[in-house]
Amino acid sequence: MSTVSLLAPPAPAAADVFVYADRQITEAAITQWPDAWVSLGTRVPSPTGYVRRIRVDDRHVYAKYSFLGTSLVSLLRGASGDWPKVQAAQERYVRSGESLMRREAAQIRFLAAGRRPRPAQFKGLQAGVLFTAPATGTPLSRLLLADPGRTAELLDETFRDLQPLYQSRADASGLTGAERSIVGTFHRKFGHPTPHAYLAELGGSTNGDGGPELLPRVVRRLLKPTSLPNPSPHRALCYGDLKPEHVLMPPHGQGARIRFIDPGLVFADPHTDLAKFVMRTVLFLVATKPAPAVTEQILNGLAEHVDNQLRGTSPHDQLMALRQLLTWMLMDAVNILTTYLAAPSSLPLPPTGEALASRPGPLLLAVDRVTAYLEQGTSVTSMWESALAEFKAAAT
Ligand SMILES: Nc1ncnc2c1ncn2[C@@H]1O[C@H](COP(=O)(O)OP(=O)(O)OP(=O)(O)O)[C@@H](O)[C@H]1O
Ligand SMILES: [Mg+2]
């Protein structure tokens, strides 16, 4: 994991940030439930928001808080200034009524209406703190490990639930945030003329793990105009933050609906949801390293599901769609890996993030090889097959 560079601006101390967030959550919960007994429970590690379980009398509730709509990684690296500056800006941000949590609350209410993908139950929004009821069900990530033979079936089911969103004609313009798209995030992080210092610093943390030159090389390849997908004509409302940890499956055969947590609704090509989901599942495998036979079954299931999703257009269009999908997957992998690598050690990361940040080599090597195929103009089918083989090797 990286250390804070000497050139970095003065950054807030993690303890100040976390104590402040706990106080905001406690006060917001007391305002929301003035007659209840409120206490803080365990914190859920995240590079993005500050998430904590709380108890309200005998019920459990999730509380989520965002600083300035930015990630905790950026905040603790000093991207928004020192603590007095952040605190003053945060007070204005929450008062402005435009907070990320307000938007997430609006997204949850939107999803809960009609037959859209079913979100966690909204419990309240107070002073920038979002409260949701614990969504029950088994995270798809865990279910895949337990039942890898059902991978394609479970993914088909998940994406069937997302269809109404992709077909929605609802005016959701006030709901979405462009900053969550894969390409938008990639450009924000690396598209400016000087991503070099950031990459060099992160590259330092990958020394001995494939070398510091890998990350800049991968980014350079993905920024080439020939790599960049054309702006898609198929734009629709997409889920955004779609990963196997965010899909909670009800017990088999009980007819209950899947719950989707942590939306990040965005107008984009629905295949970006597929790209994110597939890549985050691959990252989960690389981080957890299941038995090779299990990894193989899950990867085969992912590939089968991708086939199912792309079917229905001409063979040429399917190949183009597969190439785009792979490019988005690679961009997403670099987006999240660099976030994990940039996290200061004071920030607890979720298990996948912790594993990838402490051992980025296998993933970097896979991404390096696959972006090389992309650059060389390798045929799409053989590139996709090689990518699956590289991901399997990284997870072994
Ligand atoms: N309502 C809920 N029901 C069940 N689990 C929840 C709920 N809200 C949050 N969680 C748990 O807390 C974790 C972090 O919450 P969430 O994903 O909303 O935060 P985030 O900061 O956006 O994280 P990420 O970086 O993963 O997007 C979730 O992955 C999940 O494990
Ligand atoms: Mg999120």
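Residues numbered from 1 in each chain as written. Chains lettered and ligands numbered in written order. Predicted model: local features only at pLDDT ≥ 70, side-chain atom pairs only at ≥ 80, totals over all residues. Heavy atoms only, no water.

## What about the nonpolar core?
Using the following cut-off: The criterion is simple. A nonpolar core is a set of buried Ala, Val, Leu, Ile, Met, Phe, Trp, Tyr and Cys residues joined through side-chain atoms within 4.5 Å. Here's how the labels work: a residue is buried when its accessible area is under 20% of the maximum for its type, exposed when over 50%, partly exposed in between, all with a 1.4 Å probe on protein chains only. Working definition: helices are DSSP H or I runs of at least four residues, strands are E runs of at least two. Numbering for both runs from the N terminus. Domain delimitation in this document rests on an assignment produced automatically or drawn from a domain database. The criterion used for residue contact is that any of the two residues' heavy atoms lie within 4.5 Å.
One finds I54, F67, F131, L140, M329 and W384 to be the most contacted residues of the largest nonpolar core, which totals 109 residues. It is helix 12 (residues 315-342) that provides the largest number of residues to this core, a total of 15 residues. Mapping this core onto the domain boundaries places at least three of its residues in each of domain 1 (14-132) and domain 2 (138-394). The residues contacting I54, other than those within four sequence positions of it, are I25, A29, W33, S39, L40, G41, R59, H60, V61, A63 and F131.

## Here's the deal with the coordination of the magnesium ion (ligand 2)
Test applied: Coordination shells were defined by N, O and S atoms within 2.8 Å of each metal, extended to 3.2 Å for Na, K and Ca; water is absent from the atom set, which can make sites look incomplete.
For the magnesium ion (ligand 2), the protein coordination sphere consists of D241 (OD) and D262 (OD), at 2.0 to 2.3 Å. Separated by 21 residues along the polypeptide, D241 in the loop between strand 8 (236-238) and strand 9 (247-249) and D262 in the loop between strand 10 (259-260) and strand 11 (266-268) bring together distant segments of the chain. Judged by its relative accessible area of 16%, D262 is buried.

## Digging into the pattern of salt bridges
Any two side chains of opposite charge can pair, on the condition that their charged atoms come close. Inclusion rule: Just to be clear on terms, a salt bridge is a Lys or Arg side-chain nitrogen sitting within 4 Å of an Asp or Glu carboxyl oxygen.
As enumerated under the stated definition, the model contains 13 salt bridges in all. Among the ionic pairs, D368 bridges to R217, the shortest N-O distance being 2.7 Å. One end of the pair, D368, is in helix 14 (residues 361-376); the other, R217, is in helix 9 (residues 214-223), and 151 residues separate them in sequence. Looking at R217, the relative accessible area reads 26%, which means it is partly exposed.

## Thoughts on the site of ligand 1
We apply this condition: We call a residue near a molecule or strand whenever a single non-hydrogen atom of that residue lies within 4 Å of it. Polar contacts, as counted here, are pairs of nitrogen or oxygen atoms within 3.5 Å of one another; within protein the pair requires one atom able to donate a hydrogen and one able to accept it, and residues that are adjacent in sequence qualify only if both atoms are side-chain atoms. Per-residue and other accessible areas were derived by the Shrake-Rupley procedure at a 1.4 Å probe size, with only the shown protein chains allowed to occlude residues. Classes in brief: Ala, Val, Leu, Ile, Met, Phe, Trp, Tyr, Cys and Pro nonpolar; Asp, Glu, Lys and Arg charged; the others, Gly included, polar.
Near ligand 1 there are 18 residues, and of these S46, T48, K64, A135 and D262 occur at the shortest range. Between ligand 1 and G49, the relevant distance is 2.8 Å, taken from an oxygen atom to a main-chain nitrogen or oxygen of the residue. A distance of 3.0 Å is found between a nitrogen atom of ligand 1 and a side-chain nitrogen or oxygen belonging to T132. Isolated, ligand 1 exposes 600 Å² of accessible area, and the fraction of that covered by the protein chains is 84%. For the shell around ligand 1, a count of residues per class yields 9 nonpolar, 5 polar and 4 charged. In terms of domain composition, the shell around ligand 1 takes at least three residues from each of domain 1 (14-132) and domain 2 (138-394).

## Structural notes on empty space enclosed by the protein
Which entries qualify depends on this criterion: Grid points spaced at 1 Å and placed over the protein atoms alone form the basis of the search, with a cavity being a set where a 1.4 Å probe fits but cannot get out and a pocket an open set showing protein on both sides within 12 Å along at least five of seven lines. Lining residues have an atom within 4 Å of a point. Grid points are joined across faces, edges and corners, and a volume is the space filled by probe spheres set on the points.
Counting across every chain of the model gives 3 cavities of 30 Å³ or more. Approximately 50 Å³ is the volume attributed to the largest cavity. Lining the largest cavity, in full, are R180, S181, I182, G240, V266, A268, T272, D273 and K276. If you list the elements that add at least two residues to the lining of the largest cavity, you get strand 11 and helix 10 (270-288). A per-element tally of the lining of the largest cavity places helix 10 first, with 3 residues. Here the residues of the lining of the largest cavity are counted per class, giving 3 nonpolar, 3 polar and 3 charged.

## Focus: the packing of helix 14 against helix 15 (residues 380-394)
Each packed pair of helices is defined by two parameters, the angle between the axes and the distance between the axes. Put simply, the rule is: To get an axis, a line is fitted to the C-alpha atoms, and for a helix only the part in contact is used. The angle between two axes follows their N-to-C directions and goes from 0 to 180 degrees. For this classification, under 35 degrees means roughly parallel, over 145 means roughly antiparallel, 65 to 115 means roughly perpendicular, and everything else is oblique.
Here helix 14 crosses helix 15 at 170 degrees, and the two axes come no closer than 9 Å. In terms of orientation, helix 14 lies roughly antiparallel with respect to helix 15. Contacts between helix 14 and helix 15 involve P362, L363, A366, R369, V370, Y373 and L374 on the former and, on the latter, M383, S386, A387, E390, F391 and A394. Residue composition of the contact of helix 14 with helix 15, grouped by class: 10 nonpolar, 1 polar and 2 charged.

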